[in-house]
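What the coordinates show
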Amino acid sequence: MVRGQFAQLMAPGLHDIFVHWRDLTQRELEYPHIFHDETSSMAYEDEVEFSGLGPMPEKPEGESIAYQDAIQGGTKRYLHYTYALGCRTSFELFEDDQYKLINQVPKAIARSAVFTKEQQSWNVFNLGFTTSVTTTDGVSLFNNQHPLLGGAAATNVAPQAGFAGVSTLSGTFPNRPATDVDLSISALNLMVTQFESMIDSQGLPVKIRPRHLIIAPPNKMIAREILGSPNKPYTGNNEINAIIGEDFDYFLGHYLTSATAWFCISDMESHTLKHFTRRALDEDYADDFDTRSIKQIAFMRFSVGATSWMGTWGSNGP
């Protein structure tokens, strides 16, 4: 940046300067409300999945006990990427700036860093219907056929009523509807049913409750109508709103890119959405010896992803 680009800063007398990085309030961090925020001291972090054991069989009198092996599943690698940005300012501009605005450029760089952290974190949801975001089972985070380590035997074990209507393929379990749906009462009922029917990789029922709806701004009013009405919305009948009993709340994701996609996650202890910080935002500056220009930079390293699909659910809209 040179003086010719910022002629107004050379002359005193400006009444005010509307500076975006100073006068516009940036949103509070959103990703820490959703992701486990962890640190790392390695080039990458690997996480692996293991199944439990299946049901205990009857042992006939006088016969040997049956033995069964746990099953090791796939591995999820969190590879830390480096993100960096800088500004270079001529010595003359830095010295002649009457309002000392240029020396505040690091604040603008910091705002850019916040956006990048949010954008990359929320892309776990934005790209979660594609193979850009996979879990230990090797398929997309939101998928209606997650392979179970126990295979077909696991879905045969599952005891829940109507389970066959939840699992669309033997040996798999969904965390996405077979046909994507908009946010509605019936869609929430489908999501709750899938959570209530959830099993581990050997077919044993697990308790993972859906708690937090994650929606884009266009769905804000719909979520309020559905979750805030004591009576069933969009009907003239005097029916109770059964969704109230599920004790959902909603979180507005301002970095979601789809107006129709919506998601639900469990409480933190039941999901494995991860954000690893390898190096927190670090700032530095230096003078260029030959030109006397001033370089102001910032850089950071982090990774985001999901180890397992369990505790998450998503629909990509209609």
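Please read all numbers here as calculations on a predicted model, not as lab measurements.

Looking now at the overall build of the protein. Check the secondary structure of the protein and you find six helices and twelve strands. Its C-alpha radius of gyration of 26 Å places the protein more than 25% over the 20 Å reference for a compact globule of 318 residues. Counting over 318 residues, the protein shows a buried share of 42%. Just so you have it, the protein exposes about 17,100 Å², and 53% of that area is on carbon and sulfur atoms. Each charge sign in the protein was given a centre, from 24 positive and 37 negative side chains, and these centres are 6 Å apart.

With that settled, consider the environment of glycine 52. Tracing the sequence through the fold places glycine 52 in the loop between strand E2 (44-50) and strand E3 (72-79). If we ignore the near neighbours within four places in the chain, the residues touching glycine 52 are Ala70 and Gln202.

Right, let's get into the pattern of salt bridges. Under the defined criterion, the tally for this structure stands at eight salt bridges. Of the charged contacts in the structure, one is a salt bridge between lysine 274 and glutamate 47, with a shortest N-O distance of 2.7 Å. Of this pair, lysine 274 sits in strand E10 (residues 273-287) while glutamate 47 sits in strand E2, and the two are 227 residues apart along the sequence. Glutamate 47 matches lysine 274 in its accessibility class, with the two residues each being buried.

Across the sheet, which stays open at both edges, the four strands sit in the order E1-E10-E11-E4 with mixed pairing between neighbours. Looking at which strands have only one partner, the edges of the open sheet turn out to be strand E1 (36-39) and strand E4 (81-89). Neighbouring strand axes in the sheet, compared pairwise and without regard to direction, differ in orientation by 25° on average. Direction of pairing for E10 relative to strand E11 (residues 294-306): antiparallel, over a ladder of twelve bridges. Directly across from alanine 286, in E11, lies its bridge partner lysine 295. Set on the sheet, helix H3 (residues 105-126) makes contact with E4, E10 and E11; between it and E11 the angle comes to about 15°.

Once that is clear, we can look at the side chain of asparagine 219. With respect to the helices and strands, the residue asparagine 219 is situated in the loop between strand E7 (212-215) and helix H6 (220-228). Asparagine 219 sits in the buried class, given a relative accessible area of 7%. Excluding anything up to four places from it in sequence, asparagine 219 contacts Leu183, Ala259, Thr260, Ala261 and Trp262.

All right, on to the packing of aromatic side chains then. Applying the stated criterion to the full structure yields 13 aromatic pairs. Taken together, a centroid distance of 6.1 Å and an interplanar angle of 80° make the contact between phenylalanine 35 and phenylalanine 125 edge-to-face. Of this pair, phenylalanine 35 sits in the loop between helix H1 (20-23) and E1 while phenylalanine 125 sits in helix H3; the two residues are 90 residues apart in sequence, bridging distant segments of the chain. Grouping residues by exposure puts phenylalanine 35 and phenylalanine 125 together as buried. Residues phenylalanine 129 and phenylalanine 142 carry aromatic rings whose centres are separated by 5.2 Å and whose planes lie at 35° to one another, so their mutual orientation is tilted. Here the residue phenylalanine 129 occupies a position in the loop between H3 and strand E5 (146-147), and phenylalanine 142 occupies one in the loop between H3 and E5, the gap between them amounting to 13 residues. The pair formed by phenylalanine 129 and phenylalanine 142 is uniform in burial state, with each residue classed as buried.

A few words now on a nonpolar patch on the surface. On the surface, a nonpolar cluster with roughly 300 Å² of combined accessible area is contributed by Tyr44, Leu79 and Tyr81. Within the secondary structure, leucine 79 is located in strand E3. Of the residues examined, leucine 79 reaches a relative accessible area of 41% and is grouped as partly exposed.

Reading guide: rules and limits
Residues numbered from 1 in each chain as written. Predicted model: local features only at pLDDT ≥ 70, side-chain atom pairs only at ≥ 80, totals over all residues. Heavy atoms only, no water. Helix = DSSP H or I, 4+ residues; strand = E, 2+ residues; numbered from the N terminus. Rg over C-alpha atoms; globule rule 2.2 N^0.38 Å. Buried < 20%, exposed > 50% of the residue type's maximum accessible area, 1.4 Å probe, protein only. Areas by Shrake-Rupley, 256 points an atom, 1.4 Å probe, with all protein chains shown as cover. Lys, Arg positive; Asp, Glu negative; His and termini not counted. Charge placed at Lys NZ, Arg CZ, Asp CG, Glu CD. Contact = heavy atoms within 4.5 Å. Salt bridge = Lys/Arg side-chain N within 4 Å of Asp/Glu carboxyl O. Pairing = 2+ DSSP bridges. Axes fitted to C-alpha atoms, helices over the stretch in contact; angles between N-to-C directions. Phe/Tyr/Trp six-rings, centres within 6.5 Å; stacked < 30°, edge-to-face > 60°. Patch = residues over 30% accessible without salt bridge, like charges linked within 9 Å, V, L, I, M, F, W, Y side chains within 5 Å.

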